[in-house]
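Geometric and topological summary
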Amino acid sequence: MDYDTAKIDELVLALLWLTEHDDGRAWKSHDWDAMDRLHQKGYISDPRGKAKSVVFTEGGAKRAEELFKRHFVR
């Protein structure tokens with residue numbers, strides 16, 4: 001199936017905001033390819049490793065909150 005990875009990344013980033021905890025950490029239970037792309041774009045820390053969460057960058061947290069509000073807030 002051919003799909004738009006930019007849209008996938010946008011929604012994964014928004015969903016990461018849903019699980020934000022402990023001052024900028026988010027559970028990394030999403031598609032690994034999307035997580036790698038978000039890291040490459042500078043939104044999150046490197047998702048590879050033993051930790052069960054990633055850390056938002058300052059810009060990543062802001063963008064994630066914006067996307068969450070756009071897609072999920074009534």
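Here is a short report on the structure shown in this document. (Residues numbered from 1 in each chain as written. Predicted model: local features only at pLDDT ≥ 70, side-chain atom pairs only at ≥ 80, totals over all residues. Heavy atoms only, no water.)

**Examining the overall build of the protein chain**
- Across its full length, the protein chain carries three helices and two strands.
- Reading the helices (α) and strands (β) of the protein chain from amino to carboxyl end gives α-β-α-β-α.
- The C-alpha radius of gyration of the protein chain comes to 11 Å, within 12% of the 11 Å expected for a compact globule of 74 residues.
- Taken along its principal axes, the extent of the C-alpha atoms in the protein chain is 30 × 30 × 20 Å. (Helix = DSSP H or I, 4+ residues; strand = E, 2+ residues; numbered from the N terminus. Rg over C-alpha atoms; globule rule 2.2 N^0.38 Å.)

**Re the packing of aromatic side chains**
- Across all of its chains, the model carries two aromatic pairs by this definition.
- With a centroid separation of 5.7 Å and 55 degrees between ring planes, the pair formed by Trp17 and Phe56 is classed as tilted. Remark: Phe56 occurs in the loop between β2 (53-55) and α3 (58-72) and Trp17 occurs in helix α1 (residues 5-18); sequence separation between them is 39 residues.
- Given the relative accessible area of 22%, Trp17 is considered partly exposed.
- Given a relative accessible area of 8%, Phe56 falls into the buried group.
- Ring centres of Phe68 and Phe72 lie 5.3 Å apart, and the angle between their planes is 45 degrees; on these two criteria the pair is classed as tilted. Taken together, the residues Phe68 and Phe72, both in helix α3 and four residues apart, mark about one turn of the helix. (Phe/Tyr/Trp six-rings, centres within 6.5 Å; stacked < 30°, edge-to-face > 60°. Buried < 20%, exposed > 50% of the residue type's maximum accessible area, 1.4 Å probe, protein only.)

**Section: the side chain of Asp36**
- You can see Asp36 is positioned in helix α2 (residues 32-40).
- We classify Asp36 as buried; its relative accessible area is 17%.
- Residues contacting Asp36, with those up to four places away along its chain left out, are Pro47 and Arg48. (Contact = heavy atoms within 4.5 Å.)

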